[in-house]
Structures are given as structure tokens and as C-alpha cells.
Amino acid sequence: METKQIFIDGKWVNSVSGETFVTVDPANGEPTAWIQRGNQEDINRAVKAARNAFEQDAWRDILPAERGRILLRMAQLIREKKDDLAKLETRDAGKPLSQSYADVEVAARYCEYYGGVADKILGETIPVRPDILDYTIREPMGVTAHIVPWNYPIQIATRSLAPALATGNTAVIKPAEDTPLTALCLAEIAQEAGVPDGVVNVVTGFGQEAGAALAKHPDIDQITFTGSVPTGIAVMKMAAENVKPITLELGGKSPNIVFADADLSEAADWVVRSIIQNGGQTCSAGSRLLVEKSVEKQFVELIVERMKRLRIGPGLEDPDLAAIVSEKQLNRIESYMQVARDENVTTVTGGYRVTGGSLSKGYFFAPTVFSNVRPDSRLAQEEVFGPVLVVIPFESVQEAVSLANHTEYGLVTAVWTTDINKAHFVASRVRSGQVFINNYGAGGGIEMPFGGYKKSGFGREKGLEALKHYTQLKNIALRIKP
Ligand code: NAD
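Calculation criteria
- Residues numbered from 1 in each chain as written.
- Predicted model: local features only at pLDDT ≥ 70, side-chain atom pairs only at ≥ 80, totals over all residues.
- Heavy atoms only, no water.
- UniProt positions renumbered as here; feature names shortened; annotations may be inferred.
- Helix = DSSP H or I, 4+ residues; strand = E, 2+ residues; numbered from the N terminus.
- Pairing = 2+ DSSP bridges.
- Buried < 20%, exposed > 50% of the residue type's maximum accessible area, 1.4 Å probe, protein only.
- Contact = heavy atoms within 4.5 Å.
- Domains from an automatic or database assignment.
- Buried area = accessible area lost by both parts, 1.4 Å probe.
- Salt bridge = Lys/Arg side-chain N within 4 Å of Asp/Glu carboxyl O.
- Polar contact = N/O pair within 3.5 Å; in protein donor to acceptor, adjacent residues only side chain to side chain.
- Nonpolar A, V, L, I, M, F, W, Y, C, P; charged D, E, K, R; others polar.
- Axes fitted to C-alpha atoms, helices over the stretch in contact; angles between N-to-C directions.

- As annotated in an unreviewed UniProt entry, the chain is Aldehyde dehydrogenase family protein from Alicyclobacillus fastidiosus.

### Thoughts on the UniProt feature "domain: Aldehyde dehydrogenase" (unreviewed entry) in the chain
Item 1. According to UniProt, the "domain: Aldehyde dehydrogenase" (unreviewed entry) feature falls on residues 12–476.
Item 2. Annotation note: span residues 12–476, helix share 38%, strand share 21%, distance between end C-alpha atoms 42 Å.

### Quick word on the sheet that holds strand β5 (residues 30–36)
Item 1. Read across the sheet, three strands follow the order β1-β5-β4 without closing on themselves; strand pairing throughout is mixed. Single-partner strands in this sheet number two, and they are β1 (2–3) and β4 (20–25).
Item 2. As judged from the two bridges shared by β1 and β5, these two strands associate in the parallel manner. Residue pairing in the sheet places threonine 3 in a bridge with tryptophan 34 of β5.

### A closer look at the UniProt feature "active site" (unreviewed entry) in the chain
Item 1. Mapped onto this numbering, the UniProt entry annotates "active site" (unreviewed entry) at Glu249.
Item 2. Assignment of secondary structure puts glutamate 249 in strand β12 (residues 246–249).
Item 3. When its relative accessible area of 2% is taken as the criterion, glutamate 249 is described as buried.
Item 4. For glutamate 249, the contacting residues outside a window of four places in its chain are Arg159, Phe225, Thr226, Gly227, Cys283, Leu411, Phe450 and Ser456.

### Points about the domain arrangement of the chain
Item 1. For the chain, the assigned domains read domain 1 (2–250 + 458–476) and domain 2 (255–445).
Item 2. Each of domain 1 and domain 2 was reduced to a C-alpha centroid, and the two centroids are 30 Å apart.
Item 3. In this complex, domain 1 contributes 26 residues to the contact, which on the side of domain 2 involves 29 residues.
Item 4. Between domain 1 and domain 2, a total of about 2100 Å² is buried, with carbon and sulfur atoms accounting for 57% of that surface.
Item 5. Broken down residue by residue, the surface that domain 1 buries against domain 2 is led by Pro26, Pro96 and Trp150, which jointly contribute 24%.
Item 6. Along the contact surface separating domain 1 from domain 2 lie one salt bridge.
Item 7. Glutamate 30 serves as the salt-bridge partner of lysine 361, at 3.4 Å between the closest nitrogen and oxygen.
Item 8. On the surface where domain 1 and domain 2 come into contact, there are 11 residue pairs in polar contact (both at pLDDT 80 or more).
Item 9. Going through the elements one at a time, α3 (82–93) and α4 (97–117) are the ones with two or more residues in the side of domain 1 that touches domain 2.
Item 10. The greatest single-element share of the side of domain 1 that touches domain 2, amounting to four residues, is contributed by α3.
Item 11. For the side of domain 1 that touches domain 2, the residue count by class is 10 nonpolar, eight polar and eight charged.

### Side note on the pairing of strand β8 (residues 143–147)
Item 1. In terms of burial, β8 is a largely internal element, five of the five residues being buried.
Item 2. Side-chain alternation along β8 places Val143, Ala145 and Ile147 on one buried face and Thr144 and His146 on a second face that is also buried.
Item 3. As judged from the five bridges shared by β8 and strand β9 (residues 170–174), these two strands associate in the parallel manner. Across the sheet, residue threonine 144 finds its bridge partner in β9, namely alanine 171.
Item 4. In this structure, β8 lies alongside strand β11 (residues 222–226), joined through four bridges in parallel fashion. Bridged to alanine 145 within β11 is isoleucine 223.

### Notes on the pairing of strand β6 (residues 125–129)
Each regular strand displays side chains that alternate between the two surfaces of the sheet.
Item 1. Of all five residues in β6, zero are buried; the element is thus mostly exposed.
Item 2. Between β6 and the antiparallel strand that follows it, strand β7 (residues 132–140), lie two residues.

### A short note on the sheet that holds strand β23 (residues 471–479)
Item 1. Judged by pairing direction, the sheet is antiparallel, and its three strands sit side by side in the order β6-β7-β23 without closing on themselves. Each edge of the open sheet carries a strand with a single partner, namely β6 and β23. Neighbour-to-neighbour, the strand axes of the sheet open up by a mean angle of 30 degrees, direction not taken into account.
Item 2. Pairing geometry for β7 and β23, over nine bridges, is antiparallel. Note that in β23 the partner of arginine 138 across the bridge is leucine 473.

Below you can see the structure in the form of C-alpha cells.
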């Protein structure tokens, strides 16, 4: 079995402790590779390398257009290696192969999008008084820290790395322990594309060790975190100790709001897709179905029909629903089946781990729909992070909005209706960072600002808006002497 190394200052090295751990293929439970168990010492070395690279101006002071070209080369290399990257992602994270291909393409698009922006980071001139020329410039933050979750490993790593690089920062990436493989490939790709040594560093390891060491390191200048609420809070506290800015993307309990006047068949296709994509392990998964009571029965039948047709199998066979990322996450999903029993909800379909034949060795879970779910119940409030949909009926537009807002999350909302007034009214009243009307996700939407209200976090990834987190604004006032 292959042993992977960590990437610091342009070199592949073992962790200082020499300790390793295995990463497992969720489709069959078999080990895939030995991974370095990085800890504080490795993080110290990586941050030092990133600091030196930043201070030496090797990256921030090259022509912005050249920085952009290097990112475009990264995009090209990602596309050239897409077959290997997609297969690796599927073996590491379990997801259907076509989903991995889509994730790899999104990673390329981030490099392309922010590569194109590198020479367009503009300031302003501000009228103050006749003898003062006042202007702002956007400078890189310095050393950026990227703590990445396991659900979209290459996509989320690139989502923050690309804007950080485009704006002249250096970076230390800590991938999730369950899915470290493609982040290591990203380091190799950055080097091949011409990113100078020390600008991109990747340290694998556990959250409590490498992750915490990075979050509390005094010499980083900014943190981007995606993951669970409790870990996000812990990371934010560590950042606070050193007064470091942070963006948090912490998931959701996102509703699809389906009105009786919607194209129900089309809406059902999307509702199913939005909860089974990546096995429901998506921060923006459509995990709550709010449906107008008059069509509840009919609509739920459409959902179940579609779910029964889903193919379940190993990710490499490109099914509709592949393995859950790890045994731990599968157990977590299964634990919610006890919650469902305790809360006396109705299981419309699913509710069990899928076994039989080769599937028994992997971590598979059936697409699941629960109805008679109380809006205050744990099932309606907590992020299960699996293919589990809860159905809650409503009788008026006001009730739909009130239910949509009735969780501590606020990441995404989708509204399904042919009434434009209703659509706009709901869009204006829901407390969530993105609203989709008669679609869900806009095909990836890397150009659109993405982030949460409430406990879904703060700060915005994607789009031009993300650039604000990787730059700081300096105001310069020059006195003009006549
Ligand atoms: P997590 O939040 O613990 O892990 C996310 C990342 O943070 C990983 O890289 C991990 O190594 C790191 N980390 C963990 N503890 C840390 C610490 N103390 N300091 C610094 N970094 C640390 O997520 P998890 O435990 O793997 O998953 C649990 C739940 O989190 C899931 O069931 C799901 O509800 C949620 N989740 C959400 C997202 C999302 O996209 N918003 C992604 C993954 C998981």
C-alpha cells in the first residue's frame, strides 16, 4: 500500500513524528493508503515556509497577470489529470464517479475564475478635500489557513485556495483525515503549474492535532473553515485568541418549499437530487421538504417513486447513491433512525443501512423519507448529513416562510411555484444566504456568493465576494502641495 507524504516548502516529507494512519475506501472498507499524521511540529514548519514565501515576495510581487496565468495552468493541469483525480476522489470519499468528475471540473473552474481575476483586484479613490488624494488598495492577508471537510475534498480545498492565491497570499491546507488524497495532488499540481516553493503547503493529520495546531498558530493571518458547528465554534475560539479573521461555513437544514401551483413532477426530480447528491453529505443538501398540504400526499408519492428507482452501489460503478464517507458517519446517520423511532415519525421509505453481497463490506444507506415530523423535533432541526429527507406540510405562504426560518441554520432555500409574487415574497423573507427559485444550486454556481445566515456561519465563499476575505483594505491619503 502506498505511503503518502506531506508537502512543505515545495518538498515531500514525512511527518516529524514519523506516525501514519490509513485512509479507507468507503465502498468496501479496505485501506487505500498510509497517510502522515501531522501534528504541531509539522504545522509549525508549514506555517514558517508559508511565512517565508510571503515575506520573500516571491508570490505577491510577481505580475498579477502572471499569477493569474499560473492559476490558469493549474486549471489546465486539473483537467488533464481529471480521470486520475476523479477516481482517487471516489476511492477516498466514496462518491459516485460522475460526482467526482463534476467536483474536479469545479476545482478547475475555481482556478480559472480566480486566475482571471488576479489582475483585476481594484481599489477606489475617495473624494475627501481638494488637497488630498485619497485611495484604497487591497493587499493580501499573508499566510492563509484552510481547514477542509471530507464531503467535497478537492472542490472545497480549491474553493478557498484559488482566491487566496489569486490575491497574493500563501497557504497551509489541512485536509480532512478521511479524505486527504486529492489535496495532496493539488499541491503537486500547484508546483507543476509554477507556484513557487512555500506558497502552497499541505499537512495531513487529525483535526484535534494538525487542525487545532493550525487554527491556533499565532503566525497565520486568516482562517477559512468548513465543517460542523461544534468544530467551527472551537476553531473560532482559537482564532479569537490571536485576533485572526475567520470565515465559517457550517452546513444547514435547507428547505425545498413546494407550493401546489408548482410543476410538481419537475420539482420532485430536483427535491430528490438535492437530498441524494453526495449521499446527502452536502452542507447545502435539501434536507427538509416543506410542501403545501393540499398536494402533500401526491408530492410525497412522486418523491418515493423516484427514490425507489435509485441505483445504489460502489462509487466507481457510478450509481445514483454511493457509499457514505466513513463508518463513523454511517453510524451517525443510523443513530438518527433511533431518533425517528423516539419521535414517532412515519417512515415513508428507507430508514436502514443497505447490505447484501459486496455492499455489506461498505457503508451504504438507503434513501429515506420521514413524514409526520414535528417542526421542533430533532429530525427537523439537526443536520443528519445523509440521504434523509423530512416532510413538513404548510397551509399558507406565511406558514411556509415561518417553517423555513425555524431552524438555527440558514444556508440555502429553494422555492417551487409558478406564481412570481409568491416566489419573490418568500425569497425576500427567508433568512438564508442563497435562494433558488424553481431550481436548486444553479449547476454549481461558483460565480455566486455562498455562505450562511445564523449558525450556518459567516463570510462568503465563491464569486468575487470571496476576494474580500483574502485581502485587507489599506487607505492611503496623499497631500498635494501646490
Ligand atoms: P468536523 O467539522 O469535525 O471536521 C471538518 C474539518 O475540521 C476536518 O478537516 C477536521 O480534521 C477539522 N477539525 C476537527 N476538529 C478540529 C479542531 N479541534 N481544530 C481544528 N480543526 C479541526 O466534521 P466531522 O466531525 O468530520 O463531521 C461531523 C458533522 O459535521 C457531519 O455529520 C456534518 O453534520 C458536519 N459537516 C459539515 C460539513 C459542511 O460542508 N458544512 C462538512 C463536513 C461535516
